[in-house]
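Remarks on the overall topology
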Amino acid sequence: MSGGLREGAQFVKATTVDAVPDGGAVRVTINGVPVAIVRSEGEVYAIHDVCSHANVALSEGEVDDQTIECWLHGSRFDLLTGKPTGLPATQPVPVYPVKIDGDDVLVSVTR
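Glancing now at unusual backbone geometry. Excluding glycine, residues mostly have negative phi values, and the peptide bonds linking residues are mostly trans. Here the bond from Leu87 into Pro88 is cis, since omega is 20°, no more than 30 degrees from zero. Here Pro88 lies in the loop between β8 (84–86) and β9 (95–96). A positive phi angle, near 50°, is found at Glu41, a position not held by glycine. Within the secondary structure layout, Glu41 lies in the loop between β3 (33–40) and β4 (43–48). Here Glu41 falls in the exposed class, since its relative accessible area comes to 60%. Non-glycine residue Asn55 carries a positive phi angle of around 55°. By the secondary structure assignment, Asn55 is in the loop between β4 and β5 (62–64). Looking at Asn55, the relative accessible area reads 64%, which means it is exposed.

Strands belonging to one sheet form pairs held by backbone hydrogen bonds; the direction of such a pair is parallel or antiparallel. If you walk across this open sheet you meet the four strands as β2-β3-β4-β9, and the pairing is antiparallel. Sheet topology places β2 (24–30) and β9 at the edges, where each strand pairs with a single neighbour. Both β3 and β4 contribute to a ladder of six bridges, which runs antiparallel. By the bridge assignment, Val38 is partnered in β4 with Tyr45.

By the secondary structure assignment, Val38 is in strand β3. Judged by relative accessible area, Val38 falls into the buried class, the value being 0%.

Of the pairings in the sheet, the one linking β2 to β3 comprises seven bridges and is antiparallel in character. Counterpart to Gly24 in the pairing with β3 is Arg39. Count of turn residues in the β2/β3 antiparallel hairpin: two residues, of which Asn31 carries a positive phi of about 50°.

Rules behind the numbers
- Residues numbered from 1 in each chain as written.
- Predicted model: local features only at pLDDT ≥ 70, side-chain atom pairs only at ≥ 80, totals over all residues.
- Heavy atoms only, no water.
- Helix = DSSP H or I, 4+ residues; strand = E, 2+ residues; numbered from the N terminus.
- Buried < 20%, exposed > 50% of the residue type's maximum accessible area, 1.4 Å probe, protein only.
- Pairing = 2+ DSSP bridges.

In structure tokens:
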């Protein structure tokens, strides 16, 4: 599970664990917010599904360890913090708390 739990977080079902390929991502929309649900090395993460550099879907990029790479220009983001780990992006993207309930992936985009 990833993302720090915030007080008052409202979790909603985003998808199922089985729907997210290991080493891959799927795009979901939660309350109008685009979210990439990512599975890497058995862990599930939720990160804003828009690159801070080029406004394209991160869920279409490559997943490696605890990072996701934007397919357009190669910016990389840490799945735990949302901080860029590779240029050209210099601004982080939001990450969201995740809970696993059985096979369901629950995510909170509450701010």
